[in-house]
Amino acid sequence: MRSKFTWILTLFFGLMVQVGFAQKPVTGVVKTQDGDPIPGATVMLVGTDLGTDTDEEGKYTLILKKGDKVQVTFSGFKTTTVTASDSGVLNITLVEDMDAMLEEIIVDTYRTTSKPKSNVAANTVTSKTIEGRPNASFIQTLQGQVPGLNIATGSGQPGSSNTMVLLRGIGSINGSTEPLYVIDGVPMSSANFRSINQNDIERVDVLKDAGATSIYGNRGANGVIVVTTKRASFAQDLQIKYVGTTGISTLQKHKYNLMGGQELMQFENQTQKNNVRWTAAQIRNGAETDWMDYFFREAFSQNHTLSFSSGSSNLSQFTSIGYTAHEGTLKNTDLKRFNFRNNLNGKNQNGRLTYNTSITGNYSRSNQAISLGTGSVNLNPALSALRGVPYFSPNEYDINDPYGSIVGVYSASPNNQNLVKIAPLMIIDQLNYFKNYSDELKSIVSGGLNYDLGSGFSVGTNLGIDYTDVKQIQFDSPYSFNSELFREANQEYVGYEREYNTRIVSFNSTSNLKWSKIFNQKHEIRAGAYLEYLKAHYTFSSFSQNGLDPYFSAPGAGTGWIGDTEDNDLYVPNISKNVAESGLFSYFGMVDYDYDSKYGIGLTLRRDASFRFSEENRWGTFWSASARWNINREDFMKDSKINELKLRGSYGTAGNQDIVSSGLFGGNSLFREQYSLSGLSYNDQPTTFISNIPNPNLRWETIEQANVGIDFGVWNSRFRGSVDVYQKTTKDLYQSRPMSAIHGASSISDNIGSMRNRGVELLVSGDIVRNENLTITLNANGSYNKNEFVELAGADENGVVWNGGLTVMQEGGAFGQFYLVEYAGINPDNGNLLFLDKDGNAVERFVDADRKFTGKSYIPKYQGGFGLDVDYKGWFLSSSFTFVKDVWRFDYDYSSLVHPDNIGNWNMSRDMYDYWTPTNRNASMPSVNATNMPYQNFSDRNIRDASYIRLRFATLGYNFKQDDLRFIGLSGLRVFAQAENLFTWSKWKGWDAESSRGSDQSQYPTPKTISFGVEVQF
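Please read these numbers as outputs of a predicted model, since none were measured by experiment.

Undergrad: Could you give me a rundown of the overall build of the chain, with the residues and numbers involved?
TA: On a plain count of helices and strands, the chain comes out with eleven helices and 53 strands. Relative to a compact globule of 1018 residues, whose C-alpha radius of gyration would be 31 Å, the chain shows 33 Å and is just as compact. Overall size of the chain, expressed as C-alpha extent along the three principal axes, is 125 × 80 × 70 Å. The buried share of the chain, reckoned over its 1018 residues, is 52%. Summarising the internal contacts of the chain: among those between residues at least 6 apart in sequence, 70% fall at separations of at least 24. Where the 93 positive side-chain charges of the chain centre and where its 105 negative ones centre are 7 Å apart.

Here it is in structure tokens:
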């Protein structure tokens, strides 16, 4: 009995001891990597609602048992999960989440504001979704990531600047519509970013409403895109990082359903169009050439960036070097680029004096195609690639006898002597003997100095220089077919060389005096006064030489030029030169007030002077007011699941001084009377005529914008996003006002009329799963923008301005609206086209009065993107889809491929098999002998819905853990595969549904790219 009692007592004490070990208070400190305590961090026991916040010293206490998992979260740091031991002490170190920190602030050129205290509509894109992408221009990587930012690339040429960028709709008829770009505080003189290494970019801030853009005054009307490049931190060990990608680009597929070679020959015989007749033997021997496969290729690309960052207690530096080589999918096109960057930050011993510099030098060479989008059969390679007849073979071209071999094909069949038909052979010759390349040297240098005067005052200055030098060479060899084709009578030497040189230098200076103060720990005031000056110089020169010695000439060498002779002036060089300069001067100020991080007000006021306007109208005034209410900071929200809820609003103005859309230069004489000299006229004497009727009253276009937005976060920001509603009105539109021709002109430039954009923007993101091993995040953004003219100069009684083109300006209608006659099908009686007149009657011929407002435009109403991010134990998957809706364009390629008059000239679509005949009266295509085909050009027969959804980007990879890399001395290793433009869903039949134009014909399509990359850190 005694032994049994002893056993029971022992078991009881054992259980008590076990329980004691199972649960007990555990204390610890949450710190940064530098050892600083983190107050306010949330410490939670995983799987329960038990948790606490750290105190002012970063300390916490929780009741835990051995093996419990503890999760710690704090804004700006990566969520960390640790396992409790039995020691009773659990200290936790949080690692800074650079992406999160970047997204928690809003950066413009003049101030940096934490996101909770920001009153403005702005979005941030970090290096996470920019770095390592196989794009030659970083602008393309922003597509689908920012609501309201419409980016449409119009060319597959690597590094092409043929990209339309609109922020919250189009805001001008004749003026610039692109945002202002600012890189490290330097305003850019153009939107050409082919020389910028996107791997150097830390963040891109897109500023949208008046509260954010009015401080940019004369250039902020269309929004502002602020680019900040990478920098190192103080007291940072040397870090070496390599990012490399290599990939293959291919041509996207079209849906034109083209005929094959022998098939086309039979179709030409069947229709008996254009006197084409092929014998059975010729058909049997006809080639089956895929000209797209011949002129396009699988293009190789590579990008390498090596960076070094380090910092001492008072100095830090970031240096990178990069090399990029992008082959174009179109043969003989490519881009090669070399980059260097050095960013320096410094301070004195007490930290009151700070300074920074940023230096980047970039050189690129781009080989480019010419005459894209035109009908130049001997120059446009995309035209022959798509439409070239497939029954000719590239083997029929002889590089040693270009002219003879091409003419031989032309002369071989008397019934087929057609220069259009042999266009592919002329393009083969162009690939061999024609060069068109440009070399660009671009440097952006900036520096800033700031001194803390004490008592909240500081004074500073920032200087920036943007230097661009471009040399373009065009060279047509004396051996080329074109040289021989255009040889003039008695011209012994043929071929030509042309050189164009452009140099732009802009200097920007900003000085400031700032003051900030916190009163009673609740009232914070920040104010600044600024003085800004910009001066820019432009120089352009060109020369061309006709007549080259075939043995001594070479592209860009300037050799083999034939001198002038007494017999003729065929070999006289042509030269030209043009210089221009521009200047802007501004002074402005801003005040921000915050109360207890709950309420905030911001005011800006700016005065600008521009060289484009007369003394009376040189100055313009722009302003804004913004406010916010951080509702989540109110006491009644204390126990709410909503951790962020901010209501904000703004109203103000910004200006557009680039009313002629010429960048920094051009339009400098609009207020001056100008005369020009014509050729010989009356009595064989030169005539002087007035070429510009001055208007000294010309002034800025002004955009007034109102914006209301909500930022929200629920369940510790597990679901987060923003909603914005805006109205943007452009006043004093730059237009031509009709006037009496008694002055020598029928119109004068003036500020008349207005345009309005109204829209809604949505951005949401949600963590579907978020734990120690797995994170799944869905994100989506979208926008709707309605554009309409409010008042137009020279409008008729119906508020319409029409110049005879395909589009019309209508008060109440959208910019770029198509003005066409409605197509009604095929006349079953004769195979002609049918159209609806203004009374709804089916007719074969119409007049301008039968045109209708289609309500369709090439500027989309809806655009956005959505995607998925998955992170599982180092594996990561990310995807980004983009979409546009309600966008329309003319498809002139398809129009050509189903045009009866092109039978015997170009290849045809198989859709043409359903052409009208007396026995096929319900055909979808007209008779091959239809007599009213030209009328289709003014109808909506060939306008197509270009809306699309595209898998714009996807990546899959693995991020190795640091513990797995120590044995090889690496601090980080990431490998990945990625794809661009992988799939597109659209009704558009052509290569690429995406375009920056209202009509497309034989353009250079954007490619589909598969690439592989690695990121290594030492």
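Having seen the model, we can carry on.
Undergrad: Could you give me a rundown of the side chain of Ser-927, with the residues and numbers involved?
TA: Structurally, Ser-927 is set in the loop between helix H11 (892-897) and strand S48 (943-945). On the basis of relative accessible area, Ser-927 is assigned to the buried category, the value being 7%. A polar contact of 3.0 Å, which involves the side chain of Ser-927, links it to the backbone nitrogen of Asn-929. Here Ser-927 is in contact with Asn-830, Gly-831, Pro-900 and Trp-916, once residues within four sequence places are set aside.

Undergrad: Lay out a negative patch on the surface with the relevant residues and their values.
TA: Taken together, the side chains of Asp-564, Glu-566, Asp-567 and Asp-569 present a region of like negative charge at the surface. In this structure, Asp-564 sits in the loop between strand S25 (523-546) and strand S26 (574-595). Residue classification places Asp-564 among the partly exposed positions, given a relative accessible area of 47%.

Undergrad: Outline the sheet that holds strand S41 (residues 822-826), listing residues and values.
TA: Read across the sheet, three strands follow the order S41-S42-S43 without closing on themselves; strand pairing throughout is antiparallel. Taken across any chain shown, the strands that pair with only one partner, and hence form the sheet edges, are S41 and strand S43 (842-843). Both strand S42 (residues 833-836) and S43 contribute to a ladder of two bridges, which runs antiparallel. Counterpart to Phe-835 in the pairing with S43 is Val-843.

Undergrad: For the sheet that holds strand S6 (residues 80-83), give the residues involved together with the corresponding values.
TA: Pairing within the open sheet is antiparallel, and its four strands lie in the order S3-S2-S5-S6. For this open sheet the edge positions go to strand S3 (51-53) and S6, each flanked by a neighbour on one side alone. Here the average twist between neighbouring strands, direction ignored, is 20 degrees.

Undergrad: If you had to explain the nonpolar core to someone new, which residues and values would you point to?
TA: Membership of the largest hydrophobic core comes to 47 residues, with the highest contact counts inside it found for Phe-295, Phe-296, Leu-425 and Met-912. With sequence-adjacent residues up to four places away left out, Leu-425 is seen in contact with Trp-291, Ser-393, Pro-394, Tyr-397, Ile-406 and Val-409.

Undergrad: Requested: an account of a nonpolar patch on the surface, with residues and values cited.
TA: A cluster of nonpolar side chains, namely Ile-321, Phe-340, Ile-359, Val-445, Leu-463, Ile-465, Phe-507, Leu-531, Tyr-533, Phe-585, Tyr-587 and Trp-619, defines an oily patch on the protein surface of about 990 Å² accessible area. The set of elements that each furnish at least two residues to the nonpolar patch consists of strand S23 (457-476), S25 and S26. Mapped onto the fold, Tyr-587 is located in strand S26. A residue is classified by how much of its surface remains accessible, and Tyr-587, at 40% relative accessible area, is partly exposed.

Undergrad: For helix H4 (residues 261-271), give the residues involved together with the corresponding values.
TA: Of all the residues in H4, the buried ones are Gly-261, Glu-263, Leu-264, Met-265, Phe-267, Glu-268 and Thr-271. Along its buried surface, H4 packs onto helix H5 (280-284).

Undergrad: Talk me through helix H8 (residues 402-412); I want residue IDs and the actual numbers.
TA: Among the residues making up H8, those that are buried are Pro-402, Ser-405, Ile-406 and Val-409. Angular distribution of buried residues about the axis of H8 spans 95 degrees; they occupy a single face of the element. Buried residues belonging to H8 abut helix H9 (423-433) and helix H10 (481-485).

Undergrad: Just give me the short version of the domain arrangement of the chain, but keep the residues and values in it.
TA: Looking at the assigned domains, one finds that the chain contains domain 1 (24-93) and domain 2 (105-238). Distance between the C-alpha centres of domain 1 and domain 2: 38 Å.

Undergrad: Would you mind going over empty space enclosed by the protein in detail, with residue names and values included?
TA: Evaluated as defined, the whole model comprises eleven cavities of 30 Å³ or more. Those elements giving two or more residues to the lining of the largest cavity turn out to be strand S19 (315-327) and strand S49 (948-959). Class assignment of the residues belonging to the lining of the largest cavity gives a composition of four nonpolar, 16 polar and five charged. Its volume calculated, the second largest cavity comes out at about 150 Å³.

Undergrad: Describe the pattern of salt bridges, naming the residues involved and giving the relevant values.
TA: Enumeration according to the criterion identifies 47 salt bridges in this entry. Residue Asp-205 pairs with Arg-203 through a salt bridge whose shortest N-O separation is 2.7 Å. Here Asp-205 falls in the buried class, since its relative accessible area comes to 0%. Under the relative-accessibility criterion, Arg-203 is labelled buried at 2%. Arg-612 is the salt-bridge partner of Asp-658, the closest N and O atoms lying 3.5 Å from each other. Taken as a pair, Asp-658 in the loop between strand S29 (642-656) and strand S30 (674-680) and Arg-612 in the loop between strand S27 (599-610) and strand S28 (619-630) lie far apart in primary sequence, 46 residues in all. Asp-658 sits in the buried class, given a relative accessible area of 10%. With a relative accessible area of 1%, Arg-612 lands in the buried category.

Undergrad: Can you tell me about the side chain of Ser-722, naming the residues and giving the values?
TA: Within the fold, Ser-722 resides in strand S33 (residues 719-731). Leave out the neighbours within four places in its chain, and Ser-722 touches Arg-648, Ile-710, Asp-711, Phe-712, Glu-761, Leu-762 and Leu-763.

What counts as what
- Residues numbered from 1 in each chain as written.
- Predicted model: local features only at pLDDT ≥ 70, side-chain atom pairs only at ≥ 80, totals over all residues.
- Heavy atoms only, no water.
- Helix = DSSP H or I, 4+ residues; strand = E, 2+ residues; numbered from the N terminus.
- Rg over C-alpha atoms; globule rule 2.2 N^0.38 Å.
- Buried < 20%, exposed > 50% of the residue type's maximum accessible area, 1.4 Å probe, protein only.
- Contact = heavy atoms within 4.5 Å.
- Lys, Arg positive; Asp, Glu negative; His and termini not counted.
- Charge placed at Lys NZ, Arg CZ, Asp CG, Glu CD.
- Polar contact = N/O pair within 3.5 Å; in protein donor to acceptor, adjacent residues only side chain to side chain.
- Patch = residues over 30% accessible without salt bridge, like charges linked within 9 Å, V, L, I, M, F, W, Y side chains within 5 Å.
- Areas by Shrake-Rupley, 256 points an atom, 1.4 Å probe, with all protein chains shown as cover.
- Salt bridge = Lys/Arg side-chain N within 4 Å of Asp/Glu carboxyl O.
- Pairing = 2+ DSSP bridges.
- Axes fitted to C-alpha atoms, helices over the stretch in contact; angles between N-to-C directions.
- Core = buried A, V, L, I, M, F, W, Y, C linked by side-chain atoms within 4.5 Å.
- Arc of directions from axis to C-beta.
- Domains from an automatic or database assignment.
- 1 Å grid on protein atoms, 1.4 Å probe; cavity = no way out; pocket = protein on both sides within 12 Å on 5 of 7 lines; lining within 4 Å.
- Points joined across faces, edges and corners; volume = space filled by probe spheres on them.
- Nonpolar A, V, L, I, M, F, W, Y, C, P; charged D, E, K, R; others polar.

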